[in-house]
Amino acid sequence: MDIVVNLLIWAHIMAFVAGGANSVVGPVIASRLPGATADARDGYYAVMNRLAQVGKGAMGVLLISGPLILWLKYGGLGGASIWFWIKMALVVVMLAAIIYGGINFKKAQAGDSAAGARAEMAHKVTGLAFAGVILAAVFAFA
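Scoring rules and cut-offs
- Here the residue index of a chain counts from 1 through its sequence in written order.
- Selection of residues for local features in this predicted model requires a pLDDT of at least 70, selection of side-chain atom pairs for listing and counting requires 80 or more, and totals for whole chains, interfaces and linings are taken over all residues.
- Side-chain numbers here rest on the full set of heavy atoms in the structure, without hydrogens or water.
- The helix and strand labels rest on DSSP assignments: H or I over at least four residues marks a helix, E over at least two residues marks a strand, and numbering proceeds from the N terminus.
- Whether a residue is buried, partly exposed or exposed follows from its accessible area with a 1.4 Å probe, protein chains only, as a fraction of its type maximum: under 20%, in between, or over 50%, in that order.
- The contact rule is simple, with two residues in contact once any of their heavy atoms fall within 4.5 Å.
- To estimate the expected span of a helix, subtract one from its residue number and multiply by 1.5 Å.
- Only centres within 6.5 Å qualify two rings of Phe, Tyr or Trp (six-membered ring in Trp) as a pair; their planes then separate them into stacked at under 30 degrees, edge-to-face at over 60, and tilted for everything else.
- For salt bridges, the criterion is a side-chain nitrogen of Lys or Arg within 4 Å of an Asp or Glu carboxyl oxygen.
- Each patch is assembled from residues with relative accessible area greater than 30% and no salt bridge, linking like charges that lie within 9 Å and nonpolar side chains (Val, Leu, Ile, Met, Phe, Trp, Tyr) that lie within 5 Å.
- A 1.4 Å probe and the Shrake-Rupley method give the accessible areas. Residues count as covered only by the protein chains that appear here.
- The definition of a nonpolar core used throughout is a set of buried Ala, Val, Leu, Ile, Met, Phe, Trp, Tyr and Cys residues joined through side-chain atoms within 4.5 Å.

Attention now moves to the overall build of the protein chain. Secondary structure assignment for the protein chain yields 4 helices and 0 strands. Each helix and strand of the protein chain, ordered N terminal to C terminal, gives the series α-α-α-α. In terms of overall dimensions, the protein chain has a C-alpha envelope of 55 × 25 × 20 Å along the principal axes. The 142 residues of the protein chain split such that 32% are buried. Within the protein chain, counting contacts between residues at least 6 apart in sequence, those at least 24 apart form 73% of the total.

Here it is in C-alpha cells:
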C-alpha cells in the first residue's frame, strides 16, 4: 500500500506544479496583453488557453488524489490540524478565483477590456492563494 500512497503523493505534487504554472505565468502574460499587437495577443491567448487546459486536468488530479491520500495514509480527517483547514480554505479561494478568472478571460478574448482587468486580478489572487496553500501544507504535513 505504501507504493500506492507514494505514487498518489507524486501525482499530487506533479499536478500541483502543473496547475501552479498558471499562477506564475498567468499574471506575467496578462500584464503584456494591453500593449500587445493583435498577432501577439492571439499568441498570448493561445498560451493561456493551453495553460488553462493543463490547469483543469491538474485540478482534477488534485481533487481525486488529495482525498485518497488522506484516506489511505492518514485514515481520514480525524487528525487534521488547523493548518490543514487553512490549506483547504485557500484551495476554495483558488478554485473560486480560477473559475472567476476563466470566465472573465473568455470575455476578454472577445474584446471586453474590463473583463481582462478582472481576469488579471483573479490570476493574482490565485497566485497568492497558491503560495498560501504551499505554506499551509508544509505546516500541516511536515
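Let us keep going from here.
Attention shifts here to helix 2 (residues 38-74). Given a rise of 1.5 Å per residue, 37 residues ought to cover 54 Å, and the 51 Å separating the end C-alpha atoms of helix 2 matches this to within 8%. All of the buried residues along helix 2 are Y45, M48, L51, G55, A58, M59, L62, S65, G66, I69 and L70. Here the buried face of helix 2 lies against helix 1 (2-32), helix 3 (82-109) and helix 4 (113-141). A positive backbone phi angle near 75 degrees is found at G75, which sits one or two residues after helix 2.

Across all of its chains, the model carries 6 aromatic pairs by this definition. Consider the rings of F16 and F130, whose centres lie 4.7 Å apart with planes at 25 degrees: the pair is stacked. With F16 in helix 1 and F130 in helix 4, the pair connects residues that are 114 residues apart, well separated along the chain. Residue classification places F16 among the buried positions, given a relative accessible area of 19%. Pairing Y74 with F141 gives two aromatic rings, centres 5.7 Å apart and planes at 35 degrees, and the pair type is tilted. Taken together, the positions of Y74 in helix 2 and F141 in helix 4 put the pair 67 residues apart, joining distant regions of the chain. Linked through ring pairs, Y74, F84, W85 and F141 together constitute an aromatic cluster.

So, about the pattern of salt bridges. Enumeration over the complete set of coordinates arrives at 2 salt bridges. Measuring nitrogen to oxygen at the nearest pair gives 4.0 Å for the salt bridge that ties D112 to R118. Between E120 and K124 there is a salt bridge, with the nearest N and O atoms lying 3.8 Å from each other. Of this pair, E120 and K124 both sit in helix 4, separated by 4 residues, roughly a single helical turn. K124 sits in the partly exposed class, given a relative accessible area of 40%.

Together, L77, I82, W83, W85, I86, I134, L135, V138 and F139 line one region of the surface with nonpolar side chains, adding up to about 840 Å² of accessible area. Contributions of two or more residues to the nonpolar patch are made by helix 3 and helix 4. With respect to the element layout, I82 can be found in helix 3. I82 sits in the exposed class, given a relative accessible area of 58%.

Within the largest apolar cluster, 10 residues are counted, these being A15, F16, A58, M59, L62, V91, M94, A129, F130 and V133. For this core, the secondary-structure elements that each account for two or more residues are helix 1, helix 2, helix 3 and helix 4. Ranked by size, the runner-up nonpolar core spans 8 residues in total, among them L33, L51, A108 and A119.

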